[in-house]
Amino acid sequence: MIKFRPHHFLCTLSFEGKGYSPEFVKNYFEIKNSLTPETVIEIVLDTADSICQPCPNRQGLRCATEEKVLALDANHAKILGVSGGEQLSWGEALDKIATKMTLEDFHRVCAPCGWKELGVCEKTLRDLKNRTSTKPRK
Ligand code: SF4
């Protein structure tokens, strides 16, 4: 089963090929392309996940920028309402991002991330919210 740190929900949705090494990017595309709304994922907290595996910054189960990554995870987990060990579908994860993560929250919790200034994640979040709010209700 694919394991996800909570802050990687939105990272994955926004991922378009930038990363820490060719191996990291390849693994990330494989994971992203394998996800369907029905795919079941498992949340991990305070430890490396499936996306982290080939990352050159990974040090065993930890990260070279551990303090920053732990803060990202804790803040995203709180907003999304997920906890370590929990299993949910990728579709449910997307719903949580769309309904629980406000743009204000995003700017606050993702502030420490170096990728944020590219603007891709903000656009992704805006687009997801727009799609979700215009989706016809059954
Ligand atoms: S700003 Fe950074 S942590 Fe936040 S979603 Fe984008 S890549 Fe992930």
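Up top you'll find the structure we're talking about.
Here the structure is a predicted model, which is why all the values come from computation and not from measurement.

K.L.:
Hey, could you go over the site of the ligand for me, with residue numbers and the actual values?
P.N.:
The environment of the ligand is made up of His7, Leu10, Cys11, Cys110, Cys113, Trp115, Lys116 and Cys121. Spatially, the ligand is embedded in the largest pocket. Along the lines of polarity and charge, the residues of the shell around the ligand split into six nonpolar, one polar and one charged.

K.L.:
Can you break down the pattern of salt bridges residue by residue, with the values?
P.N.:
Any two side chains of opposite charge can pair if their charged atoms end up close together. Scanning the model with the defined rule gives seven salt bridges in all. A salt bridge links Lys26 to Glu30, with the shortest nitrogen-to-oxygen separation between them at 3.0 Å. Here Glu30 and Lys26 lie together in helix H2 (residues 22-34), a separation of four residues that amounts to about one turn. The class for Lys26 is exposed, based on a relative accessible area of 54%.

K.L.:
Describe the packing of aromatic side chains, naming the residues involved and giving the relevant values.
P.N.:
For the structure on display, the rule yields eight aromatic pairs. For the ring pair Phe15 and Tyr28, a centre distance of 4.0 Å and an interplane angle of 15° mean the geometry is stacked. With Phe15 in the loop between helix H1 (8-14) and H2 and Tyr28 in helix H2, this pair connects stretches of sequence that are 13 residues apart. Overall, Phe15 belongs to the buried group, its relative accessible area being 8%. Of the residues examined, Tyr28 reaches a relative accessible area of 4% and is grouped as buried.

K.L.:
Tell me what's going on with the layout of surface pockets, and back it up with residues and numbers.
P.N.:
Taken as a whole, the largest pocket holds about 650 Å³ of empty space. Lining the largest pocket are 35 residues, and of these His8, Cys11, Tyr20, Cys113 and Trp115 sit closest to its centre. Among the elements of the structure, H1, H2, strand E4 (62-63), helix H3 (66-80) and helix H6 (120-134) are those that each provide at least two residues to the lining of the largest pocket. In terms of residue class, the lining of the largest pocket is built from 19 nonpolar, nine polar and seven charged.

K.L.:
Account for the environment of Ile79, naming residues and giving values.
P.N.:
Assignment of secondary structure puts Ile79 in helix H3. Judged by relative accessible area, which is 14%, Ile79 ranks as buried. Residue contacts for Ile79: discarding those within four places in its chain leaves Lys100, Met101, Asp105, Arg108 and Val109.

K.L.:
Talk me through the environment of Glu30; I want residue IDs and the actual numbers.
P.N.:
Since its relative accessible area comes to 45%, Glu30 is described here as partly exposed. Taking the C-alpha atoms as reference points, Glu30 and Ile51, separated by 21 residues in sequence, lie 9.7 Å from one another.

K.L.:
Talk me through the pairing of strand E2 (residues 40-43); I want residue IDs and the actual numbers.
P.N.:
With three bridges joining them, strand E1 (residues 2-4) and E2 adopt parallel strand pairing. Bridge pairing in E2 links Ile2 to Ile41. Pairing geometry for E2 and strand E5 (residues 87-89), over three bridges, is antiparallel. Bridging across to E5, Val40 finds its partner in Ser89.

K.L.:
Describe the sheet that holds E1, and please don't skip the residues or the numbers.
P.N.:
Read from one edge of the open sheet, three strands run E1-E2-E5, paired in mixed fashion. Because the sheet does not close on itself, it has two edges, and the strands there are E1 and E5. The average angle at which neighbouring strand axes cross in this sheet is 40°, direction not considered. Packing of helix H4 (residues 90-100) onto the sheet brings it into contact with E1, E2 and E5, and relative to E5 it is tilted by some 85°.

Rules used throughout
- Residues numbered from 1 in each chain as written.
- Predicted model: local features only at pLDDT ≥ 70, side-chain atom pairs only at ≥ 80, totals over all residues.
- Heavy atoms only, no water.
- Near = heavy atom within 4 Å.
- 1 Å grid on protein atoms, 1.4 Å probe; cavity = no way out; pocket = protein on both sides within 12 Å on 5 of 7 lines; lining within 4 Å.
- Sits in = over half its atoms within 2 Å of the grid points.
- Nonpolar A, V, L, I, M, F, W, Y, C, P; charged D, E, K, R; others polar.
- Salt bridge = Lys/Arg side-chain N within 4 Å of Asp/Glu carboxyl O.
- Helix = DSSP H or I, 4+ residues; strand = E, 2+ residues; numbered from the N terminus.
- Buried < 20%, exposed > 50% of the residue type's maximum accessible area, 1.4 Å probe, protein only.
- Phe/Tyr/Trp six-rings, centres within 6.5 Å; stacked < 30°, edge-to-face > 60°.
- Points joined across faces, edges and corners; volume = space filled by probe spheres on them.
- Contact = heavy atoms within 4.5 Å.
- Pairing = 2+ DSSP bridges.
- Axes fitted to C-alpha atoms, helices over the stretch in contact; angles between N-to-C directions.

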